[in-house]
Amino acid sequence: MSDVLLVLNAGSSSLKFSVFSANGEVGTPLATGQVEGIGTAPRFVLRGPGGEVRDEHSFPLGDYEYALATVLDLYGKRLGDIRLVAVGHRVVHGGVKFTTPVQIDATVLAELEGLVPLAPLHQPHNLSAVRSLSRMEPDLPQVACFDTAFHRTQPEVAQRFGLPRRFTDEGIRRYGFHGLSYEYIASMLPGIDAKAASGRAVVAHLGNGASMCAMLGGKSVATTMSFTPADGLVMGTRCGSLDPGVMLYLLRKGMTADALEHLIYHESGLLGVSGVGSDMRELLASSNPHAAEAIDLFVYRIGRELGSLVAALGGLDALVFTGGIGENSAAIRERVCRDANWLGAFNIHVIPTNEELMIANHTRRVLGRSGSSP
Ligand code: ADP
């Protein structure tokens, strides 16, 4: 009987999971998979260590608990002789307080609930997975790993908006996201580029959600996402940085807060500008001139933000690409690097991210099952 950890990433309609050995720092998951279409047409997929599909089926309309029960069913039936000993959750928001992963108890859960207004699109789903699991498996230890935590090393000046202090004091500040991805890259960089790891690196996490992080000696000093994951770069369906006056203008024209939220998170970015789609592969293959304009804007905004992050670092030793676009699209990397020529000499790396492994290692460490850092 071998002990395993379950890593969960619970979104609005999907539940992604990975199963890792609970002992040591084994890199490859024993299984991965997801339930998609929760609340509409749920579909379960289970993959083995090589990514091969082991099981795939639809199930009748089910909620989160049904999806979780299906995932938990794994270790009983499909993965054989294993024992689930802990669950690590990706939790989007840890606020100012949670600067490292933490084991979840009733007090922690209540504090994380208090952060829901700061991340209303993500936090409730992350926490509903926690609550469902506590009901189903009350003795199973659960650990929360935060997307914001890595950025808490930033100097105060980088975390502050130019608003009256009372707003900063109530939590309206630049938090930053994608922290588990950046932390993973920071953990890999010393073995790839010692100078950049101890010096000045900018990491571009370019996926559906996209952000960039300036790291000094492997610690975050600035990042493009701020109070919410809508800020910064142009993304698949999010607009990125926007003059706050635009929101006021649209509010006064009669748009509701809900409609604005939908606009900036789901209708904008590559999708909104191209009118073709949010998927970079689709845009690169398209002959529609609006698709080309959307890609131009995506690359242009990366270049502008790169300049800003390099200013925060006082120079650049390496630019690292990660995320679905950063890892797979040589065409986008080439364009970004060409635009960054003015920066002179710096190293360029592609490092595939692995947020799940980061969560697994944190979970092992928080529960005292591993002494070393990843
Ligand atoms: P998420 O933020 O949802 O985790 P991913 O990191 O998986 O997203 O990135 C998804 C994006 O990566 C999509 O825009 C997809 O088109 C893009 N992508 C994946 N492979 C390629 C490729 N070979 N060329 C260009 N874009 C790619």
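Further up the page is the structure itself.
Residues numbered from 1 in each chain as written. Predicted model: local features only at pLDDT ≥ 70, side-chain atom pairs only at ≥ 80, totals over all residues. Heavy atoms only, no water.

Draft legend 1. Layout of the nonpolar core. Ranked by internal contacts, the top residues of the largest apolar core, which has 52 residues, are Val-202, Leu-206 and Phe-298. In this structure, Val-202 is in contact with Met-212, Cys-213, Ala-214, Leu-306, Leu-309, Val-310, Leu-313, Leu-316, Ala-318, Leu-319 and Val-320, ignoring residues within four places of it in sequence. Ranked by size, the runner-up nonpolar core spans 28 residues in total, among them Phe-20, Phe-150, Ala-196 and Val-320. (Core = buried A, V, L, I, M, F, W, Y, C linked by side-chain atoms within 4.5 Å. Buried < 20%, exposed > 50% of the residue type's maximum accessible area, 1.4 Å probe, protein only. Contact = heavy atoms within 4.5 Å.)

Draft legend 2. Region of the structure containing the site of the ligand. In the vicinity of the ligand, the residues found are Gly-207, Asn-208, Gly-209, Asp-279, Met-280, Arg-281, Leu-284, Gly-323, Gly-324, Ile-325, Asn-328 and Ser-329. One of the side-chain nitrogen or oxygen atoms of Asn-208 is found 2.9 Å away from an oxygen atom of the ligand. Asn-328 places a side-chain nitrogen or oxygen 3.4 Å from a nitrogen atom of the ligand. Relative to its unbound accessible surface of 580 Å², the ligand loses 71% to contact with the protein. For the shell around the ligand, the secondary structure elements donating two or more residues are helix H11 (280-285) and helix H13 (323-328). The biggest single contributor to the shell around the ligand is H13, with four residues. (Near = heavy atom within 4 Å. Polar contact = N/O pair within 3.5 Å; in protein donor to acceptor, adjacent residues only side chain to side chain. Areas by Shrake-Rupley, 256 points an atom, 1.4 Å probe, with all protein chains shown as cover. Helix = DSSP H or I, 4+ residues; strand = E, 2+ residues; numbered from the N terminus.)

Draft legend 3. Up close: unusual backbone geometry. Positive phi values are uncommon outside glycine, yet His-178 reaches one of about 60°. Its place among the elements puts His-178 in the loop between helix H5 (165-169) and helix H6 (179-192).

Draft legend 4. Broad picture of the side chain of Asp-317. In this fold, Asp-317 is placed in the loop between helix H12 (289-313) and strand E12 (318-322). Under the relative-accessibility criterion, Asp-317 is labelled buried at 9%.

Draft legend 5. Here's a closer look at the sheet that holds strand E2 (residues 15-21). Here we have eight strands laid out as an open sheet, ordered E5-E4-E3-E2-E1-E6-E8-E7, and mixed in their pairing. Lying at the two open borders of the sheet, with one neighbouring strand each, are strand E5 (53-58) and strand E7 (102-103). One ladder, built from seven bridges, connects strand E1 (residues 2-10) with E2; its direction is antiparallel. Note that in E2 the partner of Ala-10 across the bridge is Leu-15. Packed onto the sheet, helix H3 (residues 123-136) meets E1, strand E6 (82-91) and strand E8 (142-146) and runs at close to 155° relative to E6. Together, E1, E2, E6, E7 and E8 form the strand contacts of helix H15 (residues 355-366), whose direction differs from that of E6 by roughly 115°. (Pairing = 2+ DSSP bridges. Axes fitted to C-alpha atoms, helices over the stretch in contact; angles between N-to-C directions.)

By themselves, these figures tell us nothing about what the structure is for.
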